[in-house]
Amino acid sequence: MPLLTLLIPLALGQEATSDPLAQVMNAQAQTYSMTRPSPGIHFSPRAAAAYAVDSGCVPAVMTGRPAIEFFQTAASRRGVDEDGRYTVSVQVHLKEEANGACTVTSTAGEPEQLREAVLSALDDLGAVRTTAADTGPYSLDSIGSFRQELHCLTLNGQALFLVLSTSSARNRPRLQASLGRDVEVSCPRRSDS
């Protein structure tokens, strides 16, 4: 019967203040509840891109579950558009690829700041990352500026890859960041050096 008196307040979302175990269990349950993103994602492509990576792509790739389960509070009322992309903010979209990868695209923002936001989001999650290839910050092709990088990551013991492209050319997205599982651990073998 004492266990039942512990579980009923927890099930009702009430805190049993006299029982330390109930307090700890309730505190931890609150820690893992889904929280709304900062409203700043709607004003900053950099914040929206970071949020899409750490709250959408990373959990989707790591668990194999749909990304929308993890960032649903930020998705627009329209949800998925005709291309299968989720709206994170007006300028930032997230798309789950058929191969299990997850791609975040931004049509606005300063490319270098977007790049840094994605890499910092992964660093903040504890990803260990090495750069396997990088065309460099001042790369150009026939259309204009275009930097492409390949990063090999390890997160919670899982091998991942990140293909990161940035551009300031008008006819290109400012950012495309594709994260996926490196099932064959082939990323390190693609190194420039």
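None of the values given here were measured: they were computed from a predicted structure.

S.K.: Requested: an account of helix H5 (residues 111-124), with residues and values cited.
M.R.: Its 14 residues give H5 an end-to-end C-alpha distance of 20 Å, which sits within 8% of 20 Å, the value for a rise of 1.5 Å per residue. Within H5, burial applies to Pro111, Leu114, Arg115, Ala117, Val118, Leu119, Ala121 and Leu122. On the buried face of H5, the contacting elements are helix H3 (45-63), strand S3 (102-106), strand S4 (128-134), strand S5 (147-155), strand S6 (158-166) and strand S7 (175-181). One side-chain oxygen of the residue at the start of H5 lies 3.2 Å from the amide nitrogen of glutamate 112, identifying that residue as glutamate 110.

S.K.: If you had to explain the state of the cysteines to someone new, which residues and values would you point to?
M.R.: Enumeration according to the criterion identifies 2 disulfides in this entry. The disulfide partner of cysteine 57 is cysteine 102, and the S-S distance across this bridge is 2.0 Å. The disulfide joining cysteine 57 to cysteine 102 has a torsion of about -70° about its S-S bond and is therefore left-handed. Of this pair, cysteine 57 sits in helix H3 while cysteine 102 is found in strand S3, placing the two residues 45 residues apart along the sequence. We note that cysteine 57, like cysteine 102, is buried. Two residues, cysteine 152 and cysteine 187, share a disulfide whose sulfurs are 2.1 Å apart. Of note, the bridge from cysteine 152 to cysteine 187 carries an S-S torsion of about -90° and is left-handed in sense. With cysteine 152 in strand S5 and cysteine 187 in the segment after S7, this residue pair connects regions lying 35 residues apart in the sequence. Cysteine 152 sits in the buried class, given a relative accessible area of 9%. Of note for the protein: the bonded cysteines, numbered N- to C-terminal, pair according to 1-2, 3-4.

S.K.: Hey, could you go over the packing of H3 against H5 for me, with residue numbers and the actual values?
M.R.: For any two helices packed against each other, one specifies the inter-axial angle together with the distance between the axes. Between H3 and H5, the least distance of the axes is 8 Å, while the angle of their chain directions is 35°. Note on packing geometry: the crossing formed by H3 with H5 is right-handed. Residues Pro45, Arg46, Ala49, Ala50, Val53, Asp54 and Val58 of H3 form the contact with H5, whose own contacting residues are Gln113, Leu114, Ala117, Val118, Ala121 and Leu122. Of the residues that constitute the contact of H3 with H5, the class distribution is 10 nonpolar, 1 polar and 2 charged.

S.K.: Tell me what's going on with the pattern of salt bridges, and back it up with residues and numbers.
M.R.: Note on pairing: side chains with opposite charge can pair once their charged atoms come close. Summed over all chains, the structure comprises 8 salt bridges. Arginine 65 is paired through a salt bridge with glutamate 69; the nearest N and O atoms lie 2.6 Å apart. Residues arginine 129 and aspartate 123 are paired through a salt bridge, measuring 2.9 Å at the closest nitrogen-oxygen approach. The exposure class of arginine 129 is partly exposed, given its relative accessible area of 29%. By relative accessible area, aspartate 123 is classed as partly exposed at 36%. Members of the salt-bridge network, linked through shared partners, are Glu112, Arg115, Asp134, Arg147 and Glu149.

Rules of the game
Residues numbered from 1 in each chain as written. Predicted model: local features only at pLDDT ≥ 70, side-chain atom pairs only at ≥ 80, totals over all residues. Heavy atoms only, no water. Helix = DSSP H or I, 4+ residues; strand = E, 2+ residues; numbered from the N terminus. Expected span 1.5 Å × (residues − 1). Buried < 20%, exposed > 50% of the residue type's maximum accessible area, 1.4 Å probe, protein only. Contact = heavy atoms within 4.5 Å. Polar contact = N/O pair within 3.5 Å; in protein donor to acceptor, adjacent residues only side chain to side chain. Disulfide = S-S within 2.5 Å. Axes fitted to C-alpha atoms, helices over the stretch in contact; angles between N-to-C directions. Left-handed = near helix turned anticlockwise from the far one by under 90°. Nonpolar A, V, L, I, M, F, W, Y, C, P; charged D, E, K, R; others polar. Salt bridge = Lys/Arg side-chain N within 4 Å of Asp/Glu carboxyl O.

All we've got here are geometric facts, nothing functional implied.
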